[in-house]
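Report on the structure
Spelled out from the first residue to the last, the chains are:
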Amino acid sequence: MSRLEDSLSAGLAARGKAARFPAALYVLAPLAAILFQVYVPRFIEALSYLELPLLVAIYFALMRRKPASGALIGCVIGLAQDALSPHPLGMNGISKTLSCYFAASLSLRFDVENTVLRFLLGFFFYLFHQFFFWSLSRGLLGQAVDFPIPQTVISAFLNAVVAAALFSFLDRFRRED
Amino acid sequence: MDSFLGRYRNLSLLLLLVVGQLLLLAYQVRSSQDVPLIRVWAVAAVAPLARGLESGRAAASGFFSDYFILRDVRAENERLKKELGELRLKNHFLAAELASAERAKALEQYRARIPSKTLAVRVIGAGVGPDTKTVFVDRGSSDGVQKGMAAITPEGIVGKVVAAYPMASLVQLITAQGAVASVVSQKSRVRGALKGTGGALCTVDHVENKDPLEPGEWFYTSGNDRVFPRGLPAGQVTLVREGRGGKEVLVAPSALKSRIEEMLIVLDGVHGLIPPPGEPPAEGVSLLPPPPPDGQTAEAAAAPSSNSGALTDADRLAERYRRLTAAQGVQLGVKGRVADFAREPAAAADPAAKKAETPAPGRMEPPRP
């Protein structure tokens, strides 16, 4: 618990230190994540649980430490994802906008470079995104869709594992302000 | 207002984005129409990449598929090669076993067919030294093998035992230098001495230039050497030409055309018959009744001989001389009148003697002097 407290205090100390990335990465990383989601599950259906666009959007939101930027990134990636899906445009957009906004808001208070915290954030925001998407589907679109909690929790856990690894990988492209 | 937006810039942007998307959603739901422009842009951005990915995947998949297929083919090829090698070895082994069994069977049949008492032996090695033309066989003096015994196969004579040890014997092949066998030709009854030359062929000495002999004619053992029973095939004439002291005759030993693996040692030889011309040499040792001598009927030849001891040519010659001297009233071994051996004995005078001339199978005995 002391480590978490240390992380919190370190996050407070590091508040305001936003990471910068090459401009191409803002395009290529989401594009690669969307391509992965579009292409890979064709051959490996089990990988369809991976919400890589969400993880990439959360990462940029966390590391940019600016809720406005996070919301914008989430909106763009979500809309792009919606454009390639059978859903109406905006479902993923709104979900990811809110998720990335809150993620960026949290990054102002925590040390988001801690792997454990990244895992927990990945787990939490995946659940949040899925729940909000389900809520929008039921509330706005009136679709009778289920929300399988055990399956969603397992998927959240797996996405959190992938998030921890993916965030470490994307850290290589980071440039501190 | 500006200060409010500046203070709550993040929240304002969030609200703007969320409300904008909610309106977009509402428009789509209400009008049941899509927003094709955004989708077209998105698909236009992603599709080429997806196509490239698919092409790359197909190529990689094809490559790996081909690679693994080829690797499987190679592995299968290696496995089949190995299996083929094993089968070839097995086939060679079985063929050798079959050949050996066939040879052993043929040898056994031949052994049962010939009147001589024989012992089947197997070649276990070759004599030491270059071109020794000798082989070791797996039976020795403890099995009754003695020095001087003949070694034969169904194809013909092989040689003779030159040394008998308790567990093995050394057989000198007929092609060895110094090896000799008394032979007679099948067709023209030309007699001679078959001698080994150290090579693949043998010579037949003591054949006069006037003796009719043709290439292809078979020589059989005559039994006069008291080693090989009479009537065994010795070989076929390959070359005949006139020489100074007589004809030069080369004979290819019939038993040594291929490598010898098994043979028979003649423990107790019994003379056979020389087959008539045209008969296959394999039938050289025949159990048929003996053919009548020149000028004698088959019935007479079939009659039992009163003198079963007259077996060899020398025996018959001695018997003839005894009849001649008896007919002329001359006593052999006593000084005085000498018998005329050129005169033919009266045919009717001594019918028993005529029967005695009939060649019949019998044990090898030394001719009486």
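Sequence order as written defines the numbering, with residues in each chain counted from 1. Numbering of ligands from 1 and lettering of chains from A proceed in the order in which they are written. A pLDDT threshold of at least 70 governs which residues receive local features in this predicted model, and a stricter bar of 80 or more applies before side-chain atom pairs are shown or counted, although totals over entire chains, interfaces and linings include all residues. In computing side-chain values, all of the structure's heavy atoms are included and hydrogens and water are not.

Section: the overall build of chain A
What counts is decided by this rule: Runs of H or I in DSSP of at least four residues are treated as helices and runs of E of at least two as strands, each being numbered from the N terminus. Here's how the labels work: a residue is buried when its accessible area is under 20% of the maximum for its type, exposed when over 50%, partly exposed in between, all with a 1.4 Å probe on protein chains only. Throughout, a contact is declared for two residues whenever any of their heavy atoms are within 4.5 Å.
Broken down by element type, chain A carries seven helices and two strands. For chain A, the N- to C-terminal ordering of α and β elements is α-β-α-α-α-α-α-α-β. In chain A, buried positions account for 48% of the 177 residues. Pairs at least 24 apart in sequence give 75% of the contacts found in chain A among residues at least 6 apart.

Quick word on the state of the cysteines
As a reminder, the rule being used: In plain terms, two cysteine sulfur atoms within 2.5 Å form what is called a disulfide here.
For the structure shown, the criterion picks out zero disulfides over all chains. The thiol sulfur of Cys100(A) is not disulfide-bonded, and the nearest other cysteine sulfur, from Cys75(A), lies at 9.9 Å.

A short note on unusual backbone geometry
Most peptide bonds take the trans configuration, and most residues that are not glycine carry a negative phi. All names here are of chain B. In this structure, Arg 189 is a non-glycine residue whose phi angle is positive, near 55 degrees. Checked against the element boundaries, Arg 189 lands in the loop between β6 (180-185) and β7 (191-196). Look at Arg 226: it is not a glycine, yet its phi comes out positive at around 60 degrees. Along the chain, Arg 226 falls in the loop between β9 (218-221) and β10 (233-241).

Some points on the packing of helix α4 (residues 67-83) of chain A against helix α5 (residues 91-107) of chain A
All names here are of chain A. Spelled out, the test is: Angles shown run from 0 to 180 degrees and are taken between the N-to-C directions of axes, each axis being a line fitted to C-alpha atoms and, for helices, limited to the stretch in contact. Should an angle fall under 35 degrees it is taken as roughly parallel, and over 145 as roughly antiparallel, whereas 65 to 115 is taken as roughly perpendicular and any remaining angle as oblique. Two helices that cross are described as forming a left-handed crossing if the nearer one is turned anticlockwise from the farther one by less than a right angle, and a right-handed crossing if clockwise.
The geometry of α4 relative to α5 is characterised by a closest axis approach of 7 Å and an angle of 155 degrees between their N-to-C directions. With respect to α5, the axis of α4 lies roughly antiparallel. Note that α4 runs across α5; the crossing there is right-handed. Across from Pro 67, Gly 70, Ala 71, Gly 74, Cys 75, Ile 77, Gly 78, Leu 79, Gln 81 and Asp 82 in α4, the residues of α5 making contact are Met 91, Asn 92, Gly 93, Lys 96, Thr 97, Cys 100, Tyr 101, Ala 104 and Ser 105.

Section: the side chain of Ser254(B)
Residues and elements named next belong to chain B. Looking at the element boundaries, Ser 254 is found in the loop between β11 (248-253) and β12 (262-268). For Ser 254, a relative accessible area of 6% puts it in the buried group. In contact with Ser 254, other than residues within four places in its own chain, are Glu 155, Gly 156, Trp 218, Pro 233, Ala 234 and Gly 235.

Observations regarding the interface of chain B and chain A
Applied cut-off: Buried area is understood as the total, over both parts, of accessible area removed when two parts are fitted together, assessed with a 1.4 Å probe. A side-chain nitrogen of Lys or Arg and a carboxyl oxygen of Asp or Glu constitute a salt bridge if their distance falls within 4 Å. Polar contacts, as used here, are pairs of N or O atoms within 3.5 Å; protein pairs need one atom able to donate a hydrogen and one able to accept it. Residues neighboring in sequence count only if both atoms are side-chain atoms. Amino acids are sorted into nonpolar (Ala, Val, Leu, Ile, Met, Phe, Trp, Tyr, Cys and Pro), charged (Asp, Glu, Lys and Arg) and polar (every other residue, Gly among them).
Taken together, the contact between chain B and chain A spans 24 residues of the former and 29 residues of the latter. Carbon and sulfur atoms make up 78% of the area that chain B and chain A hide from each other, which totals about 2300 Å². Sorting the residues of chain B by area buried against chain A places Gln21(B), Leu25(B) and Arg39(B) first, and these three jointly supply 25% of that buried surface. Joining chain B to chain A, the criterion identifies zero salt bridges. Where chain B touches chain A, the interface holds five residue pairs in polar contact (both at pLDDT 80 or more). Elements with a minimum of two residues in the side of chain B that touches chain A: α2 (9-31) and α3 (36-113) of chain B. Per element, the largest residue contribution to the side of chain B that touches chain A is 13 residues, and it comes from α2(B). Looking at the side of chain B that touches chain A residue by residue, the class counts come to 17 nonpolar, three polar and four charged.

What about a nonpolar patch on the surface?
Residues and elements named next belong to chain B. How we decide: Patches in this entry comprise residues that are over 30% relatively accessible and not in a salt bridge; like charges within 9 Å are linked, as are nonpolar side chains (Val, Leu, Ile, Met, Phe, Trp, Tyr) within 5 Å. Areas reported here follow the Shrake-Rupley algorithm with a probe of radius 1.4 Å; residue values treat only the protein chains shown as occluding.
Together, Tyr 8, Leu 11, Leu 15, Val 19 and Leu 23 line one region of the surface with nonpolar side chains, adding up to about 460 Å² of accessible area. For Leu 11, the location among the structural elements is in helix α2. Taking relative accessible area as the criterion, Leu 11 reaches 39% and is therefore assigned partly exposed.

Describing the nonpolar core
Short version of the rule: Nonpolar cores were defined as sets of buried Ala, Val, Leu, Ile, Met, Phe, Trp, Tyr and Cys residues, with membership established by side-chain atoms within 4.5 Å.
Ile58(A), Phe60(A), Leu62(A) and Phe167(A) are the most contacted members of the largest nonpolar core, which has 32 residues in total. Secondary-structure elements contributing two or more residues to this core are α2 (23-39), α3 (52-64), α4, α5, α6 (115-139) and α7 (149-170) of chain A. Ranked by residue count, the leading element in this core is α3(A), at eleven residues. With 27 residues, the next largest nonpolar core counts Leu107(B), Ile157(B), Val207(B) and Val249(B) among its residues.

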